[in-house]
12 protein chains.
Amino acid sequence: MNGPNLNLLGKRQPEIYGDQMLADVEADCRSVALEFGVDIRFHQSNREYELIDWIHEARESGAAILINAGAFTHTSIAILDALNTFDGPVMEVHISNVYKREAFRHHSYISQRADGVIAGMGVQGYQLALRRAIALLQDGSIDVRVG
Amino acid sequence: MNGPNLNLLGKRQPEIYGDQMLADVEADCRSVALEFGVDIRFHQSNREYELIDWIHEARESGAAILINAGAFTHTSIAILDALNTFDGPVMEVHISNVYKREAFRHHSYISQRADGVIAGMGVQGYQLALRRAIALLQDGSIDVRVG
Amino acid sequence: MNGPNLNLLGKRQPEIYGDQMLADVEADCRSVALEFGVDIRFHQSNREYELIDWIHEARESGAAILINAGAFTHTSIAILDALNTFDGPVMEVHISNVYKREAFRHHSYISQRADGVIAGMGVQGYQLALRRAIALLQDGSIDVRVG
Amino acid sequence: MNGPNLNLLGKRQPEIYGDQMLADVEADCRSVALEFGVDIRFHQSNREYELIDWIHEARESGAAILINAGAFTHTSIAILDALNTFDGPVMEVHISNVYKREAFRHHSYISQRADGVIAGMGVQGYQLALRRAIALLQDGSIDVRVG
Amino acid sequence: MNGPNLNLLGKRQPEIYGDQMLADVEADCRSVALEFGVDIRFHQSNREYELIDWIHEARESGAAILINAGAFTHTSIAILDALNTFDGPVMEVHISNVYKREAFRHHSYISQRADGVIAGMGVQGYQLALRRAIALLQDGSIDVRVG
Amino acid sequence: MNGPNLNLLGKRQPEIYGDQMLADVEADCRSVALEFGVDIRFHQSNREYELIDWIHEARESGAAILINAGAFTHTSIAILDALNTFDGPVMEVHISNVYKREAFRHHSYISQRADGVIAGMGVQGYQLALRRAIALLQDGSIDVRVG
Amino acid sequence: MNGPNLNLLGKRQPEIYGDQMLADVEADCRSVALEFGVDIRFHQSNREYELIDWIHEARESGAAILINAGAFTHTSIAILDALNTFDGPVMEVHISNVYKREAFRHHSYISQRADGVIAGMGVQGYQLALRRAIALLQDGSIDVRVG
Amino acid sequence: MNGPNLNLLGKRQPEIYGDQMLADVEADCRSVALEFGVDIRFHQSNREYELIDWIHEARESGAAILINAGAFTHTSIAILDALNTFDGPVMEVHISNVYKREAFRHHSYISQRADGVIAGMGVQGYQLALRRAIALLQDGSIDVRVG
Amino acid sequence: MNGPNLNLLGKRQPEIYGDQMLADVEADCRSVALEFGVDIRFHQSNREYELIDWIHEARESGAAILINAGAFTHTSIAILDALNTFDGPVMEVHISNVYKREAFRHHSYISQRADGVIAGMGVQGYQLALRRAIALLQDGSIDVRVG
Amino acid sequence: MNGPNLNLLGKRQPEIYGDQMLADVEADCRSVALEFGVDIRFHQSNREYELIDWIHEARESGAAILINAGAFTHTSIAILDALNTFDGPVMEVHISNVYKREAFRHHSYISQRADGVIAGMGVQGYQLALRRAIALLQDGSIDVRVG
Amino acid sequence: MNGPNLNLLGKRQPEIYGDQMLADVEADCRSVALEFGVDIRFHQSNREYELIDWIHEARESGAAILINAGAFTHTSIAILDALNTFDGPVMEVHISNVYKREAFRHHSYISQRADGVIAGMGVQGYQLALRRAIALLQDGSIDVRVG
Amino acid sequence: MNGPNLNLLGKRQPEIYGDQMLADVEADCRSVALEFGVDIRFHQSNREYELIDWIHEARESGAAILINAGAFTHTSIAILDALNTFDGPVMEVHISNVYKREAFRHHSYISQRADGVIAGMGVQGYQLALRRAIALLQDGSIDVRVG
């Protein structure tokens with residue numbers, strides 16, 4: 001799951017976010033998913049409620065969640081509350097190292113629920129987080145829901 | 001590089017740190033290193049100055065640094081200053097999700113220098129961080145110094 | 001009016017929120033409304049803007065507002081501003097005692113506008129708040145808008 | 001149980017506290033108690049130690065406690081500690097919406113123990129809190145101690 | 001661009017916001033636009049994501065942005081991030097002098113990106129900010145996107 | 001009225017303050033004043049007491065005040081107190097967007113009295129603020145005192 | 001009215017409080033009262049509730065209150081609330097200059113209600129405060145209640 | 001001297017305070033007193049003023065004070081002020097390790113006067129503190145006042 | 001000594017400062033001075049340096065200082081440092097009760113040096129402070145410098 | 001276990017630490033150990049890592065730990081983490097009453113793990129803490145590791 | 001350049017500032033200047049604006065600035081802004097070690113611009129700072145402006 | 001004495017620390033020592049305990065201490081405590097102006113003991129501090145211990 005402004009990935013501020021597009025990220029994730037034989041769903045939205053709705057859906061149909069909530073990371077207790085209703089592994093991903101940037105990006109509500117956090121690993125962070133989620137689920141045949 | 005108390009990994013507080021030993025972690029890292037054909041050095045110390053000295057050595061002989069500085073993460077400006085003298089990639093690893101634990105574990109001096117941060121991915125976090133470091137160096141034939 | 005994640009009431013974290021569904025809450029409210037002969041409308045949304053729009057509508061057609069804004073309670077100045085445009089009684093309801101939970105749940109923007117606040121009374125809190133709203137309006141024949 | 005200055009209820013600052021007297025509040029509570037067939041004791045004191053002593057007595061003879069500790073709400077850890085020795089339901093009542101008033105009234109030590117909190121519902125808040133206490137005790141025949 | 005609750009302009013709290021309607025504001029802006037021969041688009045929404053989407057659109061078709069994000073000013077990092085993807089002048093407008101009001105209105109995420117800020121100039125603030133945006137673009141013939 | 005160091009306008013730090021001189025600013029203001037037929041007085045001083053004295057004089061002979069108090073904005077309660085003795089419109093002007101600069105420039109004592117605030121609009125901000133002051137006085141024939 | 005530990009005046013810490021006894025203070029006050037022909041009552045207690053009760057009594061029989069609440073000054077919201085129910089002049093007296101002592105003595109709840117405050121004037125402060133109270137009541141023939 | 005709620009010792013929250021009664025504590029203290037041939041007085045009160053009065057009495061008749069002020073430890077400047085009038089050794093005792101509990105229990109006004117502090121040593125802490133007080137007084141024949 | 005804006009006393013904000021002029025204050029002080037046979041000098045300035053210079057002069061020719069530094073009270077360490085070079089009694093006077101006003105008026109640098117502080121006693125505060133200064137100097141024949 | 005600078009005990013700042021040497025402290029401890037028939041090891045080091053190593057050793061061979069970590073008390077999370085790996089009783093000792101000294105000495109990381117804390121009891125504190133440790137272990141025949 | 005109260009150097013508080021007069025300081029500086037063949041100007045003023053004016057003059061005629069702004073160090077953003085307009089070396093001097101004194105003396109606006117800072121070196125600090133300024137200018141023949 | 005990472009002086013971050021090596025610094029100090037006929041010892045270590053041990057040695061054999069503790073400046077209370085055991089002059093040196101850098105470098109534990117502080121004077125700062133230490137010792141023939 002990808003939060004606000006990530007639809008512009010690769011187009012905006014490449015000095016911070018690099019020049020890969022979100023489609024490239026999805027392709028990367030799908031190649032890891034293929035390697036382990038799991039199924040993923042890939043979303044992006046600028047709408048907080050869509051992220052919440054997708055998390056609610058994942059309660060039914062997903063085994064794990066990878067989430068880069070963008071700016072909502074720092075402001076949305078509603079997304080945290082939604083994640084608190086989910087039982088499987090939750091991986092939090094940030095493309096840039098948020099701990100080096102403005103002070104308001106140092107705090108994450110999502111980290112209070114996340115099992116693991118990756119920041120500053122660029123778009124490769126998605127692949128690494130996916131590897132972790134699959135390892136936690138242990139058996140690659142189950143349905144891994146990536147975002 | 002591993003900081004204080006990590007020599008007890010697998011023996012202390014397994015509900016937080018799991019039951020793998022530091023030797024297992026080293027073996028994991030070496031298997032990734034083998035896969036990519038890079039050379040690693042693996043250290044642990046309870047002594048802040050040894051971590052500083054190893055970082056200074058890495059200026060000469062290392063291409064990248066993976067560091068889990070344990071409790072020094074939150075208190076050692078001296079290690080941050082040492083890392084600031086190093087030019088290659090720096091990956092910060094924490095076994096547990098430090099952002100969920102006591103407030104004094106939420107701040108990391110090392111994050112101010114690290115290129116990437118992984119927390120809460122268990123001992124698998126070392127492998128993932130190593131993959132990222134190798135990717136940044138792009139060419140697996142160069143000498144990657146892990147810790 | 002009910003905010004984000006309340007659609008899962010009774011399904012998520014029953015140790016915090018109990019096991020009654022939102023439909024049960026609506027039924028409870030309707031029984032009190034029936035007792036006093038007032039009309040209520042009952043809403044839930046994960047979308048901040050819908051809560052705002054409903055408050056705007058209540059300016060025209062509602063006599064009082066009962067609101068459990070969930071996580072938006074602590075983050076949404078926009079909902080506070082909307083409530084500030086409403087002239088009738090505003091009752092703020094929380095199912096759990098938010099003052100006992102994480103520090104970020106202790107502050108409510110809505111409390112700055114609310115006439116009354118109920119927390120930790122479980123789903124019964126809605127009924128009690130409705131009784132108060134009706135008492136304030138004094139005359140049961142007027143249209144009470146509950147959320 | 002009612003804390004300091006509440007003996008002046010109805011006489012002081014009616015724009016904040018309304019014009020009902022404490023005797024009216026007691027009558028209100030007794031009518032609810034009658035409706036549910038429970039027994040209540042009603043107290044007021046300007047003495048912190050009397051509130052503590054009454055809570056200690058309630059350990060023996062009371063099933064639930066309703067408390068409006070007035071100014072002690074914000075300053076008395078001793079009352080909190082006393083309430084922590086009590087096993088039944090504790091309902092915290094404030095006549096005015098304390099969250100709208102001076103900053104020092106926003107924090108309540110009692111909320112850290114209370115099962116439920118009502119603020120800003122005027123003297124009606126006592127009745128509503130009593131309904132909740134009775135509901136928690138489930139069986140109206142047991143002795144409900146109101147303050 | 002106008003944020004939440006501004007659709008009620010002129011109807012709510014006239015002692016703070018005056019009695020001009022949003023349509024009057026648009027007319028004012030259009031008269032300035034006409035004077036300088038520029039084209040403007042005028043929007044209002046209670047939805048955070050629409051403001052984000054419009055900013056994304058302005059990356060393609062707009063030369064400057066005037067934004068009164070209402071309550072989102074103080075809470076939305078997502079809008080700040082969207083504005084950070086835009087290259088032209090950004091003017092921040094507030095009808096009231098927010099620095100005189102509640103403390104939570106003193107901080108603006110948008111000010112961290114805005115080139116200029118106007119507060120407390122009433123609805124005339126829009127016209128003044130538009131004059132500034134046009135001056136920055138220097139040549140009135142280019143397309144100025146006002147919100 | 002212009003505060004300390006503004007005598008160097010156009011000579012110091014042009015990357016912050018631009019390259020227009022204070023005389024240019026005065027000329028700009030006079031052209032707007034001419035357009036509306038009002039009279040202005042234009043001052044600059046590095047002396048806090050002269051700003052105070054001029055504000056006292058304006059009580060007798062001025063209809064409105066435009067003030068860019070420079071560094072005194074952030075430190076002088078004495079100027080705020082002086083402005084509090086003045087009845088007409090007060091416009092606060094900053095050439096740079098002070099909210100983007102050092103934290104100690106984010107707070108303004110003057111904003112607590114000012115009717116309107118303009119920041120980051122460069123020297124054009126004076127003209128815009130003057131337009132607003134004249135609009136507030138409504139009738140261009142009265143004596144507008146600019147600083 | 002005198003708060004806790006003031007019964008030891010003249011016996012404890014004379015370097016802070018001087019060597020006059022409380023009886024001397026009373027005599028001083030009575031001599032001023034005699035000069036102006038007013039009646040005073042003089043109390044001291046280590047009990048917070050007695051101070052509250054005396055304030056309640058003063059609502060009936062007192063025209064003004066002089067209060068040195070000692071340590072309760074800094075901790076008792078209950079006394080502040082009691083004073084808020086009193087309509088006449090309230091004078092706050094401290095023998096030492098509390099603003100020079102420990103930080104926890106710099107804040108006074110009583111100052112939020114007091115008309116006037118005197119600190120560091122030694123026991124003479126009582127006389128001076130009494131003169132002020134009498135001046136406010138304007139007519140020396142009315143009953144002035146000093147503590 | 002023992003503060004509020006300590007009369008319930010052994011009856012309330014044994015997981016924090018253990019299961020020894022206050023009478024057991026007194027017996028323990030008396031056995032140490034007997035060993036050293038000193039005389040002790042043992043008190044408990046829920047009343048802040050009684051603690052103050054006993055400290056005042058100890059000025060006359062006591063050689064040392066042992067005090068467990070319970071919740072008053074964290075809130076009572078009046079008790080601190082009373083202790084400041086006492087010249088002999090003051091020992092502060094807490095049964096539980098207050099530094100591990102809620103943040104509001106970490107600060108003690110009494111520690112600003114106490115010669116020694118013991119926390120978390122259970123009821124044995126009284127005995128240990130008594131040994132220290134006796135050692136400070138050096139000569140066991142003098143009258144040691146324990147609370 | 002009187003600080004900035006006090007030259008407008010009686011003309012500005014009479015709801016805060018009353019309607020007596022500074023000349024009336026001087027007359028009041030002179031009448032007390034006459035009663036005790038002391039000599040006073042009375043100053044007012046909006047200039048911080050004049051206050052400093054007068055304090056320096058008082059080192060030579062004054063026995064005591066009465067100072068109402070107005071807004072400089074809260075911001076001028078330079079005046080505090082000047083007062084620290086003076087050996088005689090220093091009385092701090094505020095016409096209004098500054099502890100009830102904006103938070104930035106609660107802190108006084110001057111209080112760190114002042115022997116006594118009077119606030120909220122209106123212009124009568126000058127007379128009362130003068131009585132205290134004379135009492136401290138004990139012998140009315142010496143030269144008392146009042147500001 | 002004794003931390004940095006304690007090797008100078010009795011030589012440095014006797015007004016704070018008294019004039020007994022560390023060897024005297026060891027002798028005191030050994031006499032208590034002898035009384036109860038337990039075995040102790042006594043260490044001092046200025047090296048943080050030696051304290052950590054000794055704690056690790058105590059995991060194998062010690063039954064309880066007495067620790068006066070000196071300045072490391074306030075700065076070393078690494079020592080806290082080491083203590084967290086130890087299962088037996090931990091007693092924290094400070095010779096002086098650290099809560100009366102500089103603010104940075106009020107916080108102890110070690111207190112978050114310690115079972116008991118003694119401060120300000122001079123070198124006698126070691127003996128008292130040892131008594132407590134032995135009591136907790138209940139059976140004096142087991143090996144008590146003192147530092 | 002020397003700020004407020006430094007005209008009293010050697011006369012006030014010699015325990016803090018020593019007993020050398022400002023004329024001695026000037027003589028010291030001149031002897032160093034003579035040694036290196038540079039020209040200095042030496043000023044002192046209690047007036048903030050004179051310090052600002054002298055800095056402005058130094059823009060024309062000075063190569064370096066030594067400044068001891070006294071109390072203005074901690075309060076004057078105007079002096080910082082003036083220094084920001086100067087291109088040459090700026091040396092900040094304090095006679096006493098300000099970091100050991102009151103907390104409000106720990107922060108210096110001037111340090112944000114100064115190249116070097118000397119504190120607690122007594123009046124010798126001026127000489128040392130002058131040596132540094134000359135070293136930075138490298139060539140002793142240029143005009144060094146000392147304050 | 002030189003703290004961690006200073007062994008890399010001249011090699012690391014020359015934009016902050018310049019390009020002189022630590023050996024150059026030692027040579028500079030020795031030339032000043034020679035000029036005044038004093039003896040110095042010059043150390044560097046990355047080990048906190050070695051700095052502590054050297055300070056302990058200096059108690060026996062040194063007359064003054066010059067210390068640049070690097071990062072330990074901001075974190076080591078143990079070094080402060082060691083310095084507190086030393087009686088002679090202590091000079092604190094920083095090569096860069098630490099007050100301009102990250103906030104965590106603004107606070108120095110060492111400044112609480114140091115007689116003088118020099119920052120931002122580059123490696124010349126050592127020479128200047130040495131001159132001051134010698135001046136304080138007054139007689140060049142005594143043994144000056146430089147770090």
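Residues numbered from 1 in each chain as written. Chains lettered and ligands numbered in written order. Predicted model: local features only at pLDDT ≥ 70, side-chain atom pairs only at ≥ 80, totals over all residues. Heavy atoms only, no water.

**Regarding the overall build of chain A**
No. 1: Helix and strand counts for chain A come out as six helices and three strands.
No. 2: Reading chain A from its N terminus to its C terminus gives the helix and strand order α-α-α-β-α-α-β-β-α.
No. 3: Taken against the 2.2 N^0.38 rule, which gives 15 Å for 147 residues, the C-alpha radius of gyration of chain A at 14 Å falls within 12% of a compact globule.
No. 4: Reported as C-alpha extents along the three principal axes, the dimensions of chain A are approximately 40 × 30 × 25 Å.
No. 5: Looking at the 147 residues of chain A, the share that counts as buried comes to 68%.
No. 6: For chain A, the share of sequence-separated contacts (at least 6 apart) that also reach a separation of at least 24 residues comes to 74%.
No. 7: For chain A, the exposed area adds up to about 4800 Å²; of that, 46% sits on carbon and sulfur atoms. (Helix = DSSP H or I, 4+ residues; strand = E, 2+ residues; numbered from the N terminus. Rg over C-alpha atoms; globule rule 2.2 N^0.38 Å. Buried < 20%, exposed > 50% of the residue type's maximum accessible area, 1.4 Å probe, protein only. Contact = heavy atoms within 4.5 Å. Areas by Shrake-Rupley, 256 points an atom, 1.4 Å probe, with all protein chains shown as cover.)

**As for the relation of the copies chain G and chain H**
No. 1: Rotating chain G by 120° and moving it 0.0 Å along the rotation axis overlays it on chain H with an RMSD of 0.0 Å. A rotation of that kind, with that shift, is consistent with a three-fold axis. For chain G, the minimum C-alpha distance to the rotation axis belongs to T75 of chain G and amounts to 4.2 Å. (Least-squares fit on C-alpha atoms with pLDDT ≥ 70 in both.)

**Points about the pairing of strand β2 (residues 90-94) of chain D**
Residues and elements named next belong to chain D.
No. 1: With respect to burial, β2 is a largely interior element, five of its five residues being buried.
No. 2: Judged by which residues are buried, β2 turns out to be covered on both faces: V90, E92 and H94 on one side and M91 and V93 on the other are all buried.
No. 3: Here three bridges tie strand β1 (residues 65-67) to β2, and the two strands are oriented parallel to one another. Across the sheet, the residue bridging to I65 is V90, located in β2.
No. 4: Here four bridges tie β2 to strand β3 (residues 116-119), and the two strands are oriented parallel to one another. Each residue of the ladder has a partner; that of H94, found in β3, is A119. (Pairing = 2+ DSSP bridges.)

**A look at the packing of helix α3 (residues 48-61) of chain A against helix α5 (residues 77-84) of chain A**
Residues and elements named next belong to chain A.
No. 1: Their axes nearest at 9 Å, the elements α3 and α5 cross at an angle of 5°. When the axis of α3 is compared with that of α5, the two are roughly parallel. On α5, the residues that touch E48, L51, I52, I55 and H56 of α3 are A78, I79, A82 and L83.
No. 2: Across the contact of α3 with α5, the residue classes break down as seven nonpolar, one polar and one charged. (Axes fitted to C-alpha atoms, helices over the stretch in contact; angles between N-to-C directions. Parallel < 35°, antiparallel > 145°, perpendicular 65-115°, else oblique. Nonpolar A, V, L, I, M, F, W, Y, C, P; charged D, E, K, R; others polar.)

**Focus: the relation of the copies chain B and chain A**
No. 1: When chain B is fitted to chain A, the residual RMSD is 0.0 Å, and the transformation amounts to a turn of 180° plus an axial shift of 0.0 Å. Accordingly, the operation relating the two chain copies is best matched by a two-fold axis. Within chain B, the C-alpha atom positioned nearest to the axis of rotation is that of I118 of chain B, 2.3 Å from it.
No. 2: Counting the interface residues of chain B, we find that 100% of their copies in chain A are interface residues as well, pointing to one common contact surface.

**Some details on the sheet that holds strand β3 (residues 116-119) of chain A**
No. 1: Spatial ordering of the open sheet is given by β1(A)-β2(A)-β3(A)-β3(B)-β2(B)-β1(B), a layout of six strands whose pairing is mixed. At either end of the open sheet lies a strand with only one pairing partner, and these are β1 (65-67) of chain A together with β1 (65-67) of chain B. Put simply, the sheet's adjacent strands are angled 15° from each other on average, direction ignored.

**Structural notes on the interface of chain B and chain A**
Where interface size is given, it is often the accessible area lost as the parts come together that is meant.
No. 1: Tallying the contact residues gives 22 residues for chain B and 22 residues for chain A.
No. 2: Here chain B packs against chain A, burying approximately 1900 Å² in sum over the two surfaces, 52% of which is carbon and sulfur.
No. 3: When residues of chain B are sorted by the area they lose upon contact with chain A, Y99, M121 and R132 of chain B head the list and together hold 31% of the total.
No. 4: Counting every contact that joins chain B to chain A gives zero salt bridges.
No. 5: Counting every contact that joins chain B to chain A gives 14 residue pairs in polar contact (both at pLDDT 80 or more).
No. 6: When contributions to the side of chain B that touches chain A are tallied by element, the ones reaching two or more residues are β3 (116-119) and α6 (124-137) of chain B.
No. 7: A total of six residues in the side of chain B that touches chain A trace back to one element, the largest contributor, which is α6 of chain B.
No. 8: Looking at side-chain class alone, the side of chain B that touches chain A contains 10 nonpolar, seven polar and five charged residues.
No. 9: Across three bridges, β3 of chain A lies against β3 of chain B in antiparallel orientation. Across the sheet, I118 of chain A pairs through a bridge with I118 of chain B, a residue of β3 of chain B. (Buried area = accessible area lost by both parts, 1.4 Å probe. Salt bridge = Lys/Arg side-chain N within 4 Å of Asp/Glu carboxyl O. Polar contact = N/O pair within 3.5 Å; in protein donor to acceptor, adjacent residues only side chain to side chain.)

**Observations concerning the packing of aromatic side chains**
No. 1: For the structure on display, the rule yields 30 aromatic pairs over all chains.
No. 2: Geometrically, the ring pair formed by Y49 of chain G and Y49 of chain H is edge-to-face, given 6.1 Å between the ring centres and 65° between the ring planes. You can see Y49 of chain G sitting in helix α3 (residues 48-61) and its partner Y49 of chain H sitting in helix α3 (residues 48-61), one on each of two chains.
No. 3: When the centroid spacing of 5.1 Å and the interplanar angle of 75° are considered together, the rings of F104 of chain G and Y109 of chain H count as edge-to-face. (Phe/Tyr/Trp six-rings, centres within 6.5 Å; stacked < 30°, edge-to-face > 60°.)

**Some points on the environment of K11 of chain A**
No. 1: Within the secondary structure layout, K11 of chain A lies in the segment before α1 (14-17).
No. 2: Overall, the relative accessible area of 49% leaves K11 of chain A in the partly exposed class.
No. 3: Linking K11 of chain A and A78 of chain A, residues 67 residues apart in sequence, is a C-alpha distance of 29 Å.
No. 4: For K11 of chain A, the residues in contact, after removing those within four places along its chain, are M21 of chain A together with R59 of chain E.

**So, the interface of chain G and chain H**
No. 1: Listed as interface residues are 16 residues of chain G and, on the opposing side, 16 residues of chain H.
No. 2: Here chain G packs against chain H, burying approximately 1400 Å² in sum over the two surfaces, 57% of which is carbon and sulfur.
No. 3: Remark: the boundary between chain G and chain H carries one salt bridge.
No. 4: Here D81 of chain H and R105 of chain G are joined by a salt bridge, their closest N and O atoms 2.9 Å apart.
No. 5: Taken together, the connections running from chain G to chain H amount to five residue pairs in polar contact (both at pLDDT 80 or more).
No. 6: Per-element accounting of the side of chain G that touches chain H gives the leading share, three residues, to helix α4 (residues 72-75) of chain G.
No. 7: Residues belonging to the side of chain G that touches chain H are distributed by class as follows: six nonpolar, six polar and four charged.

**Observations regarding the sheet that holds strand β1 (residues 65-67) of chain K**
No. 1: Strand order in this open sheet of six strands is β1(K)-β2(K)-β3(K)-β3(L)-β2(L)-β1(L), and the pairing throughout is mixed. Every other strand in the sheet has two partners, leaving β1 of chain K together with β1 (65-67) of chain L as the edge strands with one partner each. Each strand axis lies, on average, 15° off the axis of its neighbour in the sheet, ignoring direction.
No. 2: Seen against the sheet, helix α6 (residues 124-137) of chain K touches β1, β2 (90-94) and β3 (116-119) of chain K and runs at an angle of roughly 170° to β2 of chain K.

**Description of the confidence of the model for chain A**
No. 1: Mean pLDDT over chain A: 89, with 94% of residues reaching 70 or higher.
No. 2: As a predicted assembly, this complex carries a pTM of 0.91 together with an ipTM value of 0.89. (pLDDT = per-residue confidence, 0-100.)

**Observations regarding the environment of I134 of chain I**
No. 1: The residue I134 of chain I is located in helix α6 (residues 124-137) in this model.
No. 2: Here I134 of chain I falls in the buried class, since its relative accessible area comes to 5%.

**A word on the arrangement of the chains**
No. 1: The two units chain B and chain E remain apart, with a minimum C-alpha distance of 21 Å.
No. 2: As for chain F relative to chain A, no contact occurs, and the smallest C-alpha gap between them is 12 Å.

**Side note on the pattern of salt bridges**
No. 1: In the structure shown here, the tally under the stated rule is 60 salt bridges over all chains.
No. 2: Within the structure, one salt-bridge network assembled from shared partners comprises D81 of chain A together with E102 and R105 of chain C.

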